[in-house]
Structure formats: structure tokens, C-alpha cells
Amino acid sequence: MKLTFACVVLLYFTSLASAQDILIQALPQTVIYGENDLVIVCSISNPSLLSSVFFIQLLRNSSTTFETVVSVTTGQPATIQWKDSALQRRATAIGNLDSPSSAQLRLTIDKDSVLCPADFKMYMCKMSGLTTASDVVPKETSPITISYTAKPNVIEMPRVRILNENFDTPDRQFSVGTAIQLTCRGEVGSDASMTIRWCAQKVGEFTFTGLAQTPIYSESSLSGCLYTRSSTITYNLTNQDTFTQFLCESGDTGLCGTGSAIQHVNITLKGSGNTNPRTADDTSDAGIIAGGVIGGLAALILIILLVYFLVLRRKSDGESSTPPPIDDRTKEDVPGYNGPANPEGPVYSVPVKDNPPHERQHRRKHPRDEEERRKYRGHENDGLDEDHTAKSEKEIDYQNHSYANRGMNDYGDDGDVAPREQPAFGSAV
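Because the structure is predicted, anything quoted here is derived from the model rather than measured.

What to know about the overall build of the protein chain
Piece 1. Counting its regular elements, the protein chain contains five helices and 24 strands.
Piece 2. Here the protein chain holds 429 residues, and 27% of them are scored as buried.
Piece 3. In the protein chain, the proportion of contacts linking residues at least 24 apart, taken out of those at least 6 apart, comes to 57%.
Piece 4. Summed over its atoms, the accessible surface of the protein chain is roughly 27,200 Å², and 54% of this surface lies on carbon and sulfur atoms.

Concerning the pairing of strand β16 (residues 197-201)
Piece 1. A large share of β16 lies buried, amounting to four of its five residues.
Piece 2. Where β16 and strand β21 (residues 243-250) come together, five bridges link them in antiparallel fashion. From the neighbouring strand, R197 faces β21, where its bridge partner is E249.
Piece 3. Of the strand pairs in this sheet, β16 and strand β17 (residues 209-210) are connected by two bridges, and their pairing is antiparallel. Each residue of the ladder has a partner; that of A200, found in β17, is T209.

Observations concerning the sheet that holds β17
Piece 1. With respect to topology, five strands assemble into an open sheet ordered β14-β22-β21-β16-β17, the strand pairing being mixed. Here the strands that pair on one side only, and so sit at the sheet edges, are β14 (173-174) and β17.

Quick word on the sheet that holds strand β8 (residues 104-109)
Piece 1. With antiparallel pairing, the four strands of this open sheet are ordered in space as β1-β3-β8-β7. What marks the edges here is a single partner per strand, and that holds for β1 (22-27) and β7 (91-96). On average, adjacent strands in this sheet sit at an angle of 10° to one another, irrespective of strand direction.
Piece 2. Direction of pairing for β7 relative to β8: antiparallel, over a ladder of six bridges.

Looking at the nonpolar core
Piece 1. By size, the foremost hydrophobic cluster in this structure holds 34 residues, and its most contacted members are V53, I56, L58 and I146.
Piece 2. Broken down by secondary-structure element, the contributors of at least two residues to this core are β1, β3 (38-44), β4 (50-61), β5 (66-73), β7, β8 and β9 (122-131).
Piece 3. Ignoring anything within four residues of it in the chain, the contact list for I146 reads A26, V31, L38, I40, F120, K121 and Y123.
Piece 4. A200, L237, C248 and L269 belong to the second largest nonpolar core, which has 19 residues in total.

So, the environment of V69
Piece 1. Of note, V69 is situated in strand β5.
Piece 2. Counting along the chain gives 54 residues from V69 to Y123, while the straight-line C-alpha distance between them is 9.6 Å.

About the criteria used
The residue numbering used here restarts from 1 in each chain and proceeds along that chain's sequence as written. Selection of residues for local features in this predicted model requires a pLDDT of at least 70, selection of side-chain atom pairs for listing and counting requires 80 or more, and totals for whole chains, interfaces and linings are taken over all residues. The basis for every side-chain value is the complete set of heavy atoms in the structure, and neither hydrogens nor water enter the calculation. Working definition: helices are DSSP H or I runs of at least four residues, strands are E runs of at least two. Numbering for both runs from the N terminus. The buried label applies to any residue whose accessible area, calculated with a 1.4 Å probe on protein chains only, is under 20% of its type's maximum; exposed applies above 50%, and partly exposed to all values in between. Contacts are residue-level and defined by heavy atoms, with any inter-residue pair within 4.5 Å sufficient. Only the protein chains shown count as cover for residues, and all accessible areas are computed by the Shrake-Rupley method using a 1.4 Å probe. Paired strands, in this sense, are two strands between which DSSP finds at least two bridges. An axis is simply a line fitted to the C-alpha atoms; with a helix, the fit covers only the stretch in contact. Between two such axes, the angle follows the N-to-C directions and lies from 0 to 180 degrees. In this text, buried Ala, Val, Leu, Ile, Met, Phe, Trp, Tyr and Cys residues form a nonpolar core when linked through side-chain atoms within 4.5 Å.

Written as C-alpha cells, this is what we have:
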């Protein structure tokens with residue numbers, strides 16, 4: 001009886017552990033290819049039923065079976081063991097088995113390293129542990145498939161063909177009433193049912209609006225994570241299509257011009273005056289070029305102004321540092337300055353008695369040869385009085401040697417320099 005009860009209790013806990021011991025999760029549940037990292041986590045869902053965990057494994061579906069990708073095993077610290085060396089080079093794995101409540105294994109593939117569709121397969125987790133009843137329990141989860149979405153990024157320029165012709169045309173100007181076919185091919189996303197839509201904008205309209213024409217779609221073909229298909233419409237040109245811009249897009253949110261992949265083509269009427277239609281991309285490029293030119297000119301003007309002000313400032317500093325003329329300088333500017341300058345030469349206030357004639361002989365300058373003197377001064381008048389001429393020459397010679405002090409010296413009858421009558425000693429000169 002007691003043995004039967006113990007068996008029933010053991011079977012109960014074993015079935016409970018089997019249902020709740022191990023859990024697998026994908027984060028996020030739906031991965032946006034190119035935008036989200038791919039993260040898969042194996043963890044213990046009900047750690048209270050386990051006393052310890054021996055290992056946790058992450059397995060991925062191959063062609064026929066599930067193969068171990070990476071695992072974490074007991075140790076100090078827990079050991080990460082890779083089985084897929086190719087995946088190891090572009091992914092990371094962390095894990096621990098310290099306790100059932102913290103035991104887990106986490107695999108992360110960076111968004112830039114995710115391979116599509118190779119990484120979006122079925123995954124499952126396995127574990128082995130010891131129950132609180134000291135029973136060894138190997139458990140595994142049911143497989144899950146990693147779901148994803150991918151936005152289209154590539155779409156071709158629309159091709160133009162006149163209806164019922166066999167080849168595309170490079171022309172973008174047509175007559176009124178011409179029926180043209182527009183074909184656009186590109187990615188539509190990770191859903192094979194997605195399509196390419198058409199919108200148009202005519203002269204005078206401010207936004208694109210969806211076309212009423214029903215497109216013809218090709219079959220979708222998978223390329224990597226994205227499906228590709230084409231879309232074709234037939235359009236009859238009217239006199240309102242003087243300049244009509246057509247848009248094909250995929251990955252839109254419902255409004256024209258919101259797609260993740262967009263292309264344009266411009267169609268004009270012959271004789272409308274629009275001989276050089278431009279696409280939106282051309283207009284954008286022209287704006288970029290114009291902005292670059294304007295920016296370059298602004299920078300050049302700024303540099304010229306900067307150089308101008310620097311030169312002007314340097315010139316101003318140079319002028320301010322130039323010493324003033326000798327006549328404008330103050331006594332602080334002239335070394336050894338002892339008083340105001342006398343425009344007629346220095347003043348000598350020495351009494352006559354202290355300077356007898358024989359001591360002043362060195363001050364006198366004999367006149368030069370009369371003929372040479374006349375040539376030098378330009379006085380070639382032979383009718384002048386000789387005494388007067390000699391006296392004038394002495395005066396000129398004396399003044400040239402800075403002895404023209406009217407307050408002290410004068411000429412005597414013999415032409416020699418003679419002192420004037422001096423004021424009393426100590427009086428003003």
C-alpha cells in the first residue's frame with residue numbers, strides 16, 4: 001500500500017517536471033531582419049521542482065534532425081561549449097548553472113550578422129537536472145520556429161513601353177492619346193503576397209495619389225529573405241499630362257510615398273514646353289549641389305574677411321608701435337633730455353671774462369676760398385664789397401657750425417666773432 005502511494009507521488013512529480021522544467025523563448029518573437037538582433041534563451045521554467053541543473057543545450061533543425069549548436073555545462077565557472085564553429089564566429093553565447101532559478105543559456109546573433117533565411121529555422125532546448133526527490137530528469141522543449149519580417153529596399157527604375165510594341169523605349173515625351181505601359185520590378189518583402197503599387201502627381205497637384213488602373217503582377221520569387229516581383233500598368237495620356245510624375249513603391253504603409261523602396265519616372269507631352277523633365281532624384285541632386293556651392297562661397301567670403309581684418313589689425317599695431325618724430329617726442333621719449341629744444345641751436349651762457357679771445361680761437365672757422373665759396377653758394381657777383389663778403393661768409397660758416405647764438409655772440413669790426421654785452425650773472429638769458 002505504501003509502495004503504491006510512493007510510486008504515484010513519484011509519477012506525479014515526474015510528469016510535472018516534464019511539463020514545466022525547461023522553456024525556450026525567442027526575443028523578440030518576430031525579428032525584423034536588418035533591425036533586430038536574433039536572441040534565443042533557454043531557461044528553467046519551474047526551478048522549485050529541481051535541486052540542480054547539469055547542462056542546458058540549444059539545438060537547431062538541420063536537413064533531417066536537430067543538431068546541438070551550443071551548450072553550457074557545470075563547472076566553476078560554467079563552461080560554454082560550441083558545436084557549430086561557423087556560427088561561433090558571428091554569434092555570442094553566455095550561460096550559468098549556479099542554481100535552478102538562475103540557470104539559463106542565451107544565444108545572440110547581431111543584426112548585422114544574421115543570415116537570412118539560414119538563421120530563421122526551428123530551435124529547441126534540452127536540459128538535464130536533479131529533482132528535489134533526487135531523480136535525474138532529462139527534459140526538452142517542443143521546437144519553435146523563429147519568425148521574421150523583412151522590408152524591401154531595392155526596386156528598379158520604371159521601364160516605359162508604347163502599348164503593343166515589343167521593346168522598351170527611352171523616350172519620355174509622347175503625343176496626347178498615346179497608351180504607354182509602365183513596368184516596375186523590385187523587392188516586396190518577406191511576404192510573397194505583397195505587391196508593388198503605383199501613384200501619380202500631375203501639374204498643379206501637391207501630393208501623389210493612387211492610380212485607378214489595375215496592375216498586372218508577376219509571380220513572386222524568393223531571393224534570400226525577400227520576395228521579388230514586377231508590376232505593370234497601362235496608362236492613356238491626356239492633355240492634362242503636360243508633366244506627370246509616376247511613382248512605383250513597395251513596403252508602403254497605405255499612403256503614396258511612404259514605401260521603403262521607391263522609384264520615379266516623368267512623362268511629358270510633346271509641344272508642352274517641358275523638353276527636359278527632371279526626376280525627383282535629379283531635383284534632390286541639384287539641391288545638394290546648389291547647397292554645396294553656396295556653402296563654399298560663404299566659407300570663401302568668411303576667409304577673405306578674416307584675412308582682411310588680420311592684416312588691418314597688424315598694420316594698425318605697426319603704426320601705433322612706430323616712435324613719433326623727434327620734434328613731437330616728449331622729454332620722456334628723448335634720452336638725456338634736459339629741457340625744451342631751442343630752434344636756433346644750443347644756448348651758451350658763459351661770461352666773457354671766463355672765455356678770453358685766445359681760448360675761443362678753436363671755435364672760429366676760417367672762410368673758405370672766395371671762388372669756391374661763391375660756387376658753392378651760387379653768389380658769383382664780383383661787385384660785392386670784399387669786406388662785406390668775407391664777413392657774410394664768416395657768418396654763414398659760423399651758423400653752419402651751430403654757433404648762431406644771438407644772445408651771446410656778434411661780429412666785430414675785423415670780422416671776428418666778438419661777444420655781446422652780457423647781462424649780469426644770474427639774470428635770465
